Amino acid sequence: MTPDLNPEAVGRAAELFARSGTPFHPRPLAEFERFFDGLELLGPGVIPVTGWRPEPVDVAAQAEGIVPVYAGVARKP
């Protein structure tokens, strides 16, 4: 999850997780991209999850609200 795309919703989720004692680590794009260091990032790169090769059903789900999650695919060079 990322606060970049929907700070209010992620803030509310963080509060709920904190109250339950469950670890929760939303990350901005720069922190998420570091998980791909040393790997060959494939297109379209690190983008919001609903933009990664969307199917019509994914586009319809996104219309209901922003999904505050980044996605990416990479391989070892």
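Here the structure is a predicted model, which is why all the values come from computation and not from measurement.

With that settled, consider the overall build of the protein. Per the secondary structure count, the protein includes three helices and four strands. Sequence-ordered secondary structure for the protein, helices as α and strands as β, is α-α-β-β-α-β-β. Counting only residues that meet the buried cut, the protein has 16% of its 77 residues in that class. Taking the intrachain contacts of the protein between residues at least 6 apart in sequence as the baseline, contacts between residues at least 24 apart amount to 60%. Split by element, the accessible area of the protein, about 5300 Å² in all, is 59% carbon and sulfur.

Moving on to the packing of aromatic side chains. How two aromatic rings sit relative to each other is set out by the distance from centre to centre and by the angle between their planes. As enumerated under the stated definition, the model contains four aromatic pairs in all. Each ring, one from F32 and one from F35, has its centre 6.1 Å from the other, and the planes form 75°; the classification is edge-to-face. The class of F35 is partly exposed, set by a relative accessible area of 42%. With centroids separated by 5.8 Å and ring planes inclined at 65°, the aromatic side chains of F32 and F36 adopt a geometry described as edge-to-face. Residue class for F32 comes out partly exposed when judged on its relative accessible area of 21%. Exposure remark for F36: the relative accessible area of 14% places this residue in the buried category. Members of the aromatic cluster, each reached through a chain of ring pairs, are F32, F35, F36 and Y70.

Moving on: helix 1 (residues 7-20). Between the first and last C-alpha of helix 1 there are 20 Å, a value that for 14 residues agrees with the 20 Å anticipated at 1.5 Å per step. Just downstream of helix 1, G21 is the residue with a positive phi angle, here 80°.

The next point concerns the pattern of salt bridges. Inspection of every chain in the model, using the stated rule, returns two salt bridges. Two residues, R75 and E40, come together in a salt bridge whose shortest N-O distance is 3.3 Å. Remark: E40 occurs in strand 1 (residues 40-41) and R75 occurs in strand 4 (residues 74-75); sequence separation between them is 35 residues. A residue is classified by how much of its surface remains accessible, and R75, at 45% relative accessible area, is partly exposed.

Conventions we followed
Residues numbered from 1 in each chain as written. Predicted model: local features only at pLDDT ≥ 70, side-chain atom pairs only at ≥ 80, totals over all residues. Heavy atoms only, no water. Helix = DSSP H or I, 4+ residues; strand = E, 2+ residues; numbered from the N terminus. Buried < 20%, exposed > 50% of the residue type's maximum accessible area, 1.4 Å probe, protein only. Contact = heavy atoms within 4.5 Å. Areas by Shrake-Rupley, 256 points an atom, 1.4 Å probe, with all protein chains shown as cover. Phe/Tyr/Trp six-rings, centres within 6.5 Å; stacked < 30°, edge-to-face > 60°. Expected span 1.5 Å × (residues − 1). Salt bridge = Lys/Arg side-chain N within 4 Å of Asp/Glu carboxyl O.

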